[in-house]
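The residues making up each chain are set out below.
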Amino acid sequence: SLKLFYTNADGLCNKLDELRMMIKQKCVDIICVTESHFHADILEAEVQLEGFTLYRKDRDFKINDESSKEVSGKGGSVIYVKNDLPQEKDELFLNAPDSVAVKIGTDKGTVCIACVYRSQALSENQNHQLIECINSVCHESNPCETIVVGDFNLPDVCWNNSISLPAGMDSNNKLLVQQAQFVGCFNDLGLSWVLTSEITRRRLVGGILQESSFDQILMNNEGLVNGHKIFSPLGKSDHSSILVHLGVSRCNELKNEIIQKKSWGKISAEEILDFSVENIEWKYSCDDLDVEDMVNELNSKLQKIEDIIPTDRFYENNVPIKSPWSNSALKRKLKLKNDAWTKF
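Quick caveat, the model's predicted, so the values are computed rather than measured.

**Digging into the overall build of the protein**
Along the backbone of the protein there are 6 helices and 16 strands. The buried share of the protein, reckoned over its 344 residues, is 47%. Considering only contacts within the protein whose residues lie at least 6 apart along the sequence, 70% involve residues at least 24 apart. When the accessible surface of the protein is summed, it comes to about 17500 Å², and 49% of that surface belongs to carbon and sulfur atoms.

**A closer look at helix α1 (residues 16-26)**
Those residues of α1 that sit buried are Leu16, Glu18, Leu19, Met22, Ile23, Gln25 and Lys26. Just downstream of α1, Cys27 is the residue with a positive phi angle, here 55°.

**So, the state of the cysteines**
Summed over the entire model, instances satisfying the criterion amount to 0 disulfides. Residue Cys144 stays outside any disulfide, its sulfur separated by 6.5 Å from that of Cys112, the closest cysteine. Taking the relative accessible area as the measure of exposure, Cys144 reaches 3% and is therefore buried.

**Describing unusual backbone geometry**
The phi torsion of most residues other than glycine is negative, and most of the peptide bonds are trans. Phi is positive for Cys27, which is not a glycine, with a value near 55°. In this structure Cys27 comes out as partly exposed when scored by relative accessible area, which is 39%. Phi at Lys74 takes a positive value of approximately 65°, unusual for a residue other than glycine. With respect to the element layout, Lys74 can be found in the loop between β3 (52-57) and β4 (77-82). The exposure class of Lys74 is exposed, given its relative accessible area of 54%.

**Considerations on the packing of helix α2 (residues 124-138) against helix α3 (residues 174-189)**
For any two helices packed against each other, the geometry comes down to the angle between their axes and how far apart the axes lie. The N-to-C vectors of α2 and α3 enclose an angle of 10°; their axes lie 10 Å apart at closest approach. For the element pair α2 / α3, the angle class is roughly parallel. Counting all contacts with α2, which are made through Asn127, Leu130, Ile131, Ile134, Asn135 and Cys138, the residues of α3 involved are Gln178, Gln181, Phe182, Cys185, Phe186 and Leu189. In the contact of α2 with α3, the residues fall into 8 nonpolar, 4 polar and no charged.

**Here's the deal with the pattern of salt bridges**
Tallying each qualifying case throughout the model produces 9 salt bridges. Between Arg20 and Asp17 there is a salt bridge, with the nearest N and O atoms lying 3.0 Å from each other. Here Arg20 and its partner Asp17 are both found in helix α1, 3 residues apart, which amounts to about one turn of the helix. We classify Asp17 as exposed; its relative accessible area is 60%. With a shortest N-O distance of 3.2 Å, Lys103 and Glu88 are connected by a salt bridge. Residue Lys103 is found in strand β6 (residues 100-106), and its partner Glu88 is found in strand β5 (residues 87-89); the two are separated by 15 residues along the sequence. Accessibility expressed as a relative area gives 21% for Lys103, which makes it partly exposed. Salt bridges linked by common partners bring Asp29, Lys82, Asp84 and Arg250 together as one network.

Reading the values: the criteria
- Residues numbered from 1 in each chain as written.
- Predicted model: local features only at pLDDT ≥ 70, side-chain atom pairs only at ≥ 80, totals over all residues.
- Heavy atoms only, no water.
- Helix = DSSP H or I, 4+ residues; strand = E, 2+ residues; numbered from the N terminus.
- Buried < 20%, exposed > 50% of the residue type's maximum accessible area, 1.4 Å probe, protein only.
- Contact = heavy atoms within 4.5 Å.
- Areas by Shrake-Rupley, 256 points an atom, 1.4 Å probe, with all protein chains shown as cover.
- Disulfide = S-S within 2.5 Å.
- Axes fitted to C-alpha atoms, helices over the stretch in contact; angles between N-to-C directions.
- Parallel < 35°, antiparallel > 145°, perpendicular 65-115°, else oblique.
- Nonpolar A, V, L, I, M, F, W, Y, C, P; charged D, E, K, R; others polar.
- Salt bridge = Lys/Arg side-chain N within 4 Å of Asp/Glu carboxyl O.

See below:
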């Protein structure tokens, strides 16, 4: 099975050596990093990883001033994909600010991996562009399954049981309104998520420890993810690293084959009841039907109800995988760092 590594690096250039060590230890196939802080003066040869293809989206706009030709620093996202995986850049995500997506061929079909960084300083239009791109790659009309990872900067969102904001939200609060737009997008798309109450960012501010859950892993099919593990950040970043065990394996070519099943959770009981009352005549066609004819007639009426149930795509035979282990000196030191971070 494929493994995906994600983190917010808060600047990747000075952390590439540690990243190289980590991907060898974890046998990673796909690497997603937000806040890469790459810019046009950084050549791809300077930030390339051996055996991987780089897809990058540097920040190409000025925060809070889209009309300016200047570019704000920081931001940006990158995805590294192992060379032996069938892959191509996903053009549905080209207009997403600070974010990038690729399509990868797997044994279960083509999967889109999107890496998103949403700054809270994005303009209303930039937030709208990002939502539109997420909708494009996650919508049921897209033949690809989709995983969206990243730093969404949604500090007020509760992920425990359902995606929601606190009751009594102030409609004049710009940040809360923007968060509500993303919550609405995720709910409308029927996305599932991996992280619930886990803390993904810790930092000291004025001697006070601040903890928050800004990072998330979203998918339009729960079968895409078999499990995850949170471990120490890259370098001195204040965001945790996340290793995701995917429910798909490698294949030799990009495929669009999908398996469909009915998703009864996407339609309410009230909608089903209204449809059945308005569109189905529940009386038998005549009074002298035998048992077999009655059963066949009832089944045909029930089939009409099943036909209106939305479909969902899924994968079969998902088996969790274990992380491999190595005992080299460098990797033992990295484990000590992970253990120290866990105790912290």
